[in-house]
Amino acid sequence: VARALVGADGVGSFVRRWLGAPRGRFSAQAVEVDTEPLPSDELGTLAFDLSDAELRGYAWDFPTPSPATSAGARDATPLVCRGVYELAAEGAPRRDVGALLERRLREQGARALGPPRRYAERGLCLHEPLGAPGVLLVGEAAGVDPVLGEGIAQAIFYGATAGAHLAASLARGDESLEGYRDVVEGARIGLDLRARALAVPLVYDGARALVERALVGSASLRELGARYFGGERVGRGLVARAALEVALEVGRAALSGPSRPT
Ligand SMILES: Cc1cc2nc3c(=O)[nH]c(=O)nc-3n(C[C@H](O)[C@H](O)[C@H](O)COP(=O)(O)OP(=O)(O)OC[C@H]3O[C@@H](n4cnc5c(N)ncnc54)[C@H](O)[C@@H]3O)c2cc1C
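Only a predicted model underlies this, so the values are computations on that prediction, with no experimental measurement involved.

Looking at this structure, how should I read a nonpolar patch on the surface?
A contiguous nonpolar patch, built from L5, F14 and W18 and spanning about 360 Å² of accessible area, is present on the exposed surface. Checked against the element boundaries, F14 lands in helix α1 (residues 14-19). What makes F14 exposed here is its relative accessible area of 56%.

Here it is as structure tokens:
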């Protein structure tokens, strides 16, 4: 008999359903396809395109290795994976992400190298159960970043956090694994996911125009975002500079009206 169960079984998590945990406040869909690179693609860059203000999500162009040949070699020229991510809004009709991707490929002049691949994802709700006595959920089974649908780094952090909790609990003979939620909430993964859940209305809802304006107007906010996203240290000085620049932008917006930056 197993002493503990860790549900690391992804978005459709059987363990999560078995626990009777709800599906989650955030749900998202994504579609992607590989294409040949275009001359305009920067192959060292991950491009997130949030220019469609009607979309609660974004389109992406990410370089991706070309598939290995039957001899195992890979072509030196990478392909570009292009996709669309949409976060559902309560009560609002879903967009057809497949049609959005097709339209974007046409506009870009990119040719799909195969049929599009569709996926469902789930974002995090911190109030939801993260487990039960003797059971822990990690990664997408527990929930990941609702803003961008990012979950690889988060899954690794969950693993490290859950692994340490599991080892410490079992070492003292505690098979209930009690306290996991508190451990997650106090760990970097919990802080990160809480910040990202709080960012949903800022990025996609009422404050979107203001946030875009702040991003365009504040070099420090852009640097802060890039450093955080890249897993680098964010110093207090940078946070203070970004806060000051954002406050100035908000003040300017209040005087001139919150127009959307180009
Ligand atoms: C199109 C798309 C693009 C993405 N791009 C990014 C990105 O650029 N960056 C990023 O950070 N994240 C990205 N993500 C999200 C990221 O892939 C996931 O958040 C991450 O893989 C979650 O890791 P996980 O280990 O929790 O789950 P998974 O990676 O889904 O692993 C779960 C595993 O459990 C196995 N499993 C499921 N059920 C059972 C069962 N009953 N028995 C045994 N095994 C089972 C599955 O086969 C799978 O191997 C993307 C997701 C999608 C759909």
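What should I look at first to understand the packing of aromatic side chains in this one?
Both the distance between ring centres and the angle between the ring planes are used here to describe each pair of aromatic rings. Using the criterion set out here, one finds 6 aromatic pairs in the structure. A centroid spacing of 5.3 Å and a plane angle of 50° characterise the contact between F48 and Y58, whose relative ring orientation is tilted. Taken together, the residues span a long stretch of sequence, with F48 in strand β3 (residues 47-49) and Y58 in strand β4 (residues 57-64) at a distance of 10 residues. F48 sits in the partly exposed class, given a relative accessible area of 26%. Seen from their ring centres, Y58 and W60 are 6.0 Å apart, and the 50° between their planes marks the pair as tilted.

I keep staring at the site of the ligand and nothing clicks. Help me out?
Looking at the ligand, there are 14 residues lining it, with Y119, G139, E140, G151 and I152 nearest. Separating a nitrogen atom of the ligand from a side-chain N or O atom of E150 is a distance of 3.4 Å. At a separation of 2.9 Å, an oxygen atom of the ligand approaches a polar backbone atom of I152. For the ligand, whose free accessible area comes to 990 Å², the fraction covered by protein is 52%. More than half of the atoms belonging to the ligand lie within 2 Å of the grid points that define the second largest pocket. Of all the elements in the fold, those that place two or more residues in the shell around the ligand are β6 (117-122) and α3 (152-171). The residue makeup of the shell around the ligand, split by class, is 5 nonpolar, 4 polar and 5 charged.

For this particular structure, what's the right way to read the nonpolar core?
As a rule of thumb, soluble globular proteins bury nonpolar side chains together. In terms of nonpolar packing, the biggest core is built from 17 residues, with Y158, Y180, V184 and I189 touching the most fellow members. With 3 residues, the single largest contributor to this core is strand β8 (residues 135-137). Once residues lying within four places of it in the same chain are set aside, the contact partners of Y158 are L124, L137, V138, G139, A142, G143, Y180, V184, I189 and L193. Formed by 15 residues, the second largest nonpolar core is a distinct cluster that contains A28, Y58, W60 and L148.

Cut-offs used in this document
Residues numbered from 1 in each chain as written. Predicted model: local features only at pLDDT ≥ 70, side-chain atom pairs only at ≥ 80, totals over all residues. Heavy atoms only, no water. Patch = residues over 30% accessible without salt bridge, like charges linked within 9 Å, V, L, I, M, F, W, Y side chains within 5 Å. Areas by Shrake-Rupley, 256 points an atom, 1.4 Å probe, with all protein chains shown as cover. Salt bridge = Lys/Arg side-chain N within 4 Å of Asp/Glu carboxyl O. Helix = DSSP H or I, 4+ residues; strand = E, 2+ residues; numbered from the N terminus. Buried < 20%, exposed > 50% of the residue type's maximum accessible area, 1.4 Å probe, protein only. Phe/Tyr/Trp six-rings, centres within 6.5 Å; stacked < 30°, edge-to-face > 60°. Near = heavy atom within 4 Å. Polar contact = N/O pair within 3.5 Å; in protein donor to acceptor, adjacent residues only side chain to side chain. 1 Å grid on protein atoms, 1.4 Å probe; cavity = no way out; pocket = protein on both sides within 12 Å on 5 of 7 lines; lining within 4 Å. Sits in = over half its atoms within 2 Å of the grid points. Nonpolar A, V, L, I, M, F, W, Y, C, P; charged D, E, K, R; others polar. Core = buried A, V, L, I, M, F, W, Y, C linked by side-chain atoms within 4.5 Å. Contact = heavy atoms within 4.5 Å.

Just geometry here; none of it tells us what the structure is for.
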